[in-house]
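Now for the letters of each chain:
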Amino acid sequence: MSRIAVLVPGKIHERVLTRLKESFDVVEANPSTLDAEAAGKIRGVAVSGTFDSAAIDSLPKVELISSFGVGYDGVDAKHAATKGIIVTNTPDVLNDEVADTAIGLLLNAVRELPRAENWLRAGNWKPGQNYPLSRFSLKGRHVGIYGLGRIGQEIAKRLEPFKVKISYHTRTRHATAPYGYYPSLKDLAEAVDTLISIVPKTHQTHKTINADILSALGPDGVFINVGRGWTVDEEALAAALKSGTIGAAGLDVFYNEPNVPASLLDLPNAVLLPHLASGSVPTRNAMADLVVDNLVEWFGKGRPLTPVPETPAKG
Ligand code: NAP
Ligand code: 8YV
């Protein structure tokens, strides 16, 4: 008996391919290159990155699109919903890794640890010569978290032992979160001196970290982004870091990856990482497993494990 055909339209974690091949007929191809007969056989998709409405429309029999990553902004889930197609993502299995990275990035930005290491490696540490004291400390800071979802809550929990004050902004107030709530991002930015962004890429979050918000954060302000680069006006951020409108930044994500603007690369007070917050072997393996398990569960038992809110599982 022939196996169910699953399309893998581009580069994806190797473990996804290995495990998919155990249960499915894997077709590695761009959907636009498939003829009608081949496209008509595809019932599942495993994707890391973009799968737009045209790609969805080119597969008349597709039932489930399993997306690698918790952010599924590359997949047109609203369009999938109109056609009764389920989209799944990989939530929760990466919360700890991403939250750990956010804390590392914060400490690096505040205490200049990467710069100090570069200074040492460049042979500058000599008798009587010490790396300058960092201008900032984490001690006594008031940290605002923009997005208190699965990952934002883990970041907040990790911040508690640092004895900093913690506040947050989301559209909906959390009934139980023991942190100060600010109904607007501007109010949060005015209240805090440290802002961590961990919101998804949506129409509402586009360039919401702008000159106005950075100015509200103030000259001792530190901005950390582990969400999406889409949320930031990068020109405004580079200008704010250069002029001293804010003090430092730590960024894991950028507007047009992998292109990082020279205006940011040139800045000594920005710590820059290549979108690696979930990038450890164990965490990426867990994400890969969840991509495959969603397909296995759907085709085996008719229930996806982690459907996105736009395409909830029925029943
Ligand atoms: P989540 O559980 O869905 O949480 C999202 C949070 O953002 C919620 O608290 C939500 O609260 C808030 N939010 C959404 N839209 C908002 C808006 N317009 N204004 C204010 N708050 C808003 O998602 P998650 O699992 O924590 O992941 C968050 C995002 O992190 C992902 O979508 C992804 O883009 C990014 N991410 C990045 C990496 C990386 O490698 N750097 C890794 C994993 C995830 P309300 O709905 O109440 O507003
Ligand atoms: C991944 C991410 O790096 O889960 C997300 O939303 O941004 C990261 O964990 C990405 O999805 C893999 O390409």
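Residues numbered from 1 in each chain as written. Chains lettered and ligands numbered in written order. Predicted model: local features only at pLDDT ≥ 70, side-chain atom pairs only at ≥ 80, totals over all residues. Heavy atoms only, no water.

1. Here's the deal with the environment of Asp 35
For step 1, the next point in the chain: With respect to the helices, strands and loops of the structure, Asp 35 is situated in the loop between strand S2 (25-28) and helix H2 (36-41).
For step 2, the next point in the chain: Note: C-alpha distance between Asp 35 and Ser 58 (23 residues apart in sequence) is 9.6 Å.
For step 3, the next point in the chain: A polar atom in the side chain of Asp 35 sits 2.8 Å from the backbone nitrogen of Ala 38. (Helix = DSSP H or I, 4+ residues; strand = E, 2+ residues; numbered from the N terminus. Polar contact = N/O pair within 3.5 Å; in protein donor to acceptor, adjacent residues only side chain to side chain.)

2. A word on the nonpolar core
For step 1, the next point in the chain: Counting 51 residues, the largest nonpolar core has Val 16, Leu 20, Ala 46, Ile 145, Ile 155 and Leu 159 as its most contacted members.
For step 2, the next point in the chain: In terms of residues, this core owes the most to one element, helix H5 (residues 95-111), which gives eight residues.
For step 3, the next point in the chain: The residues touching Ile 155, leaving out its near neighbours within four places in the chain, are Ala 99, Ala 102, Ile 103, Ile 145, Ile 196, Ile 198 and Val 226.
For step 4, the next point in the chain: Residues Tyr 146, Leu 217, Ile 246 and Leu 251 belong to the second largest nonpolar core, which totals 26 residues. (Core = buried A, V, L, I, M, F, W, Y, C linked by side-chain atoms within 4.5 Å. Buried < 20%, exposed > 50% of the residue type's maximum accessible area, 1.4 Å probe, protein only. Contact = heavy atoms within 4.5 Å.)

3. Comments concerning the UniProt feature "domain: D-isomer specific 2-hydroxyacid dehydrogenase NAD-binding" (unreviewed entry) in the chain
For step 1, the next point in the chain: Mapped onto this numbering, the UniProt entry gives "domain: D-isomer specific 2-hydroxyacid dehydrogenase NAD-binding" (unreviewed entry) at residues 103-277.
For step 2, the next point in the chain: Helix and strand shares over residues 103-277 are 32% and 15% respectively, and the end C-alpha atoms of the span are 10 Å apart. (UniProt positions renumbered as here; feature names shortened; annotations may be inferred.)

4. A look at the environment of Ser 167
For step 1, the next point in the chain: Locating Ser 167 in the fold gives a position in strand S7 (residues 165-169).
For step 2, the next point in the chain: Exposure remark for Ser 167: the relative accessible area of 2% places this residue in the buried category.
For step 3, the next point in the chain: Counting along the chain gives 77 residues from Ser 167 to Gly 244, while the straight-line C-alpha distance between them is 24 Å.
For step 4, the next point in the chain: Beyond its immediate sequence surroundings of up to four residues, Ser 167 is in contact with His 142, Val 143, Gly 144, Ile 145, Tyr 179, Gly 180, Tyr 182, Leu 188 and Val 192.

5. Examining the site of ligand 2
For step 1, the next point in the chain: Taken together, the residues surrounding ligand 2 are Ser 48, Phe 68, Gly 69, Val 70, Gly 71, Leu 94, Arg 228, His 275, Ser 278, Arg 284 and Met 287.
For step 2, the next point in the chain: At a separation of 3.0 Å, an oxygen atom of ligand 2 approaches a polar side-chain atom of Arg 284.
For step 3, the next point in the chain: In the complex, 79% of the free accessible area of ligand 2, which totals 330 Å², lies under the protein chains.
For step 4, the next point in the chain: Grouping the amino acids of the shell around ligand 2 by side-chain chemistry returns four nonpolar, five polar and two charged. (Near = heavy atom within 4 Å. Areas by Shrake-Rupley, 256 points an atom, 1.4 Å probe, with all protein chains shown as cover. Nonpolar A, V, L, I, M, F, W, Y, C, P; charged D, E, K, R; others polar.)

6. A word on helix H1 (residues 14-23)
For step 1, the next point in the chain: Every buried residue belonging to H1 is among Val 16, Leu 17 and Leu 20, and all of these are buried. The arc enclosing the buried residues of H1, seen along the axis, measures out at 95°, which places them on a common side. Turned more than 90 degrees away from the buried face of H1 sit Glu 14 and Glu 22, all of them exposed.
For step 2, the next point in the chain: Contacts from the buried residues of H1 go to strand S1 (5-8), S2, strand S3 (42-47) and helix H12 (281-301). (Arc of directions from axis to C-beta.)

7. Examining the pattern of salt bridges
For step 1, the next point in the chain: Going through the model one piece at a time under the given rule, you end up with 19 salt bridges.
For step 2, the next point in the chain: For Arg 158, the salt bridge identified is with Asp 100, shortest N-O distance 2.5 Å. Taken together, the positions of Arg 158 in helix H7 (residues 150-159) and Asp 100 in helix H5 put the pair 58 residues apart, joining distant regions of the chain.
For step 3, the next point in the chain: Through salt bridges with shared partners, a single network forms among Asp 96, Asp 100, Glu 154, Lys 157 and Arg 158. (Salt bridge = Lys/Arg side-chain N within 4 Å of Asp/Glu carboxyl O.)

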